[in-house]
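# Secondary and tertiary structure notes
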Amino acid sequence: MAVCVKDIVPKRKGLFITFEGSEGSGKSTQIKLVRRYLEKKGARVLFLREPGGTKISEKIRRILLDVGSAGMGDECETLLYMAARAQLVKETIAPALKKGMIVLCDRFLDSTLAYQGYGSGVSIEWIKKIGGFATRGICPDLTFFFDIDAQEGLKRIQRAKDRIEQRALAYHERVRQGYLKLARREPARIKVIQGSKDKDEIHWIVRKHMDGLLGL
Ligand SMILES: Nc1ncnc2c1ncn2[C@@H]1O[C@H](COP(=O)(O)OP(=O)(O)O)[C@@H](O)[C@H]1O
Ligand SMILES: [Mg+2]
């Protein structure tokens, strides 16, 4: 079953592209490179990150990533991610896509499936159901998954680790395997790219997929 409920999506002109992967896999790095590339081309692009991107969603982000939120249950965590997402979709993503903009987002529903679903064991079916509600059925047209060995990814993070990043290596390995499962189920949408490759090499692969989709 596809993650998103495409048939209930209202007709839209814009394009929605998401970047997924474990911590340190290179999402932010690649988004920065793509941003430079698309802005040079004069494209109308909106860059967002999850959880966050709106005033309310950024407040929810603080609760989620705060190491002081230890003891938060998996259900609460899942619903907070969804709540942040619902606000971002309603306030920003849906209107931007309606206007025909290109929306690039650092993480989206696949993250909840990989982390809370495959990582923590929350029901995948439930996440898909609540996800359909939170996203209003809006599904990315294209998703990049930067695949990296969990330990390698975590080693790349120099700053203090947040509440999710602090979890055990085995958790991050389950997340990685979860992402790979999602990608196997939806190969047309989710492009798996080796995160251990050189930054510029990855950028060229990302560009090739985007150019095809955007007609650049
Ligand atoms: N392909 C790459 N090879 C080596 N180091 C990388 C690569 N891509 C990113 N990095 C470095 O790894 C760290 C984490 O990258 P980042 O883009 O912030 O990952 P994410 O946003 O997925 O957590 C940064 O210090 C970044 O410079
Ligand atoms: Mg990042």
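Here's what I pulled together on the structure shown here.

Near ligand 1, the surroundings consist of 14 residues, among which Gly-24, Lys-27, Ser-28, Thr-29 and Lys-197 are the closest. Separating an oxygen atom of ligand 1 from a side-chain N or O atom of Lys-27 is a distance of 2.7 Å. Taking Lys-199, its side chain carries an N or O atom lying 3.4 Å from an oxygen atom of ligand 1. For ligand 1, whose unbound accessible area comes to 560 Å², protein coverage reaches 71%.

Attention shifts here to the nonpolar core. Within the largest apolar cluster, 39 residues are counted, with the highest numbers of intra-cluster contacts made by Phe-16, Ile-93, Val-103, Tyr-115, Ile-138 and Tyr-179. Among the secondary structure elements, those contributing two or more residues to this core are helix H2 (55-65), helix H3 (74-98), strand E3 (102-106), helix H4 (109-119), helix H5 (124-135) and helix H7 (169-185). Here this core gets 10 residues from one element, more than from any other, and that element is H3. Not counting residues up to four positions away in its chain, the partners in contact with Tyr-115 are Gly-21, Ser-22, Glu-23, Arg-107, Ser-120, Ile-164, Tyr-171, Val-175 and Tyr-179. Ranked by size, the runner-up nonpolar core spans 19 residues in total, among them Leu-15, Val-45, Leu-142 and Leu-214.

Let's shift gears to the sheet that holds E3. In sheet architecture, strand pairing relies on hydrogen bonds along the backbone and comes in two forms, parallel and antiparallel. The 5 strands lie next to each other as E2-E3-E1-E4-E5, forming an open sheet whose pairing is parallel. Each of the sheet's edge strands pairs with one partner strand only, and the pair in question is strand E2 (45-49) and strand E5 (190-194). Taking the axes of each pair of neighbouring strands and ignoring which way they run, one obtains an average angle of 20° across the sheet. One ladder, built from 5 bridges, connects strand E1 (residues 15-21) with E3; its direction is parallel. The partner of Phe-19 across the bridge, within E3, is Asp-106. Lying over the sheet, helix H1 (residues 27-40) contacts E1, E2, E3 and strand E4 (142-147), oriented at roughly 150° with respect to E1.

Each value, and the rule that gives it
Residues numbered from 1 in each chain as written. Chains lettered and ligands numbered in written order. Predicted model: local features only at pLDDT ≥ 70, side-chain atom pairs only at ≥ 80, totals over all residues. Heavy atoms only, no water. Near = heavy atom within 4 Å. Polar contact = N/O pair within 3.5 Å; in protein donor to acceptor, adjacent residues only side chain to side chain. Areas by Shrake-Rupley, 256 points an atom, 1.4 Å probe, with all protein chains shown as cover. Core = buried A, V, L, I, M, F, W, Y, C linked by side-chain atoms within 4.5 Å. Buried < 20%, exposed > 50% of the residue type's maximum accessible area, 1.4 Å probe, protein only. Helix = DSSP H or I, 4+ residues; strand = E, 2+ residues; numbered from the N terminus. Contact = heavy atoms within 4.5 Å. Pairing = 2+ DSSP bridges. Axes fitted to C-alpha atoms, helices over the stretch in contact; angles between N-to-C directions.

Fair warning: the whole summary comes from geometry, so function is off the table for now.
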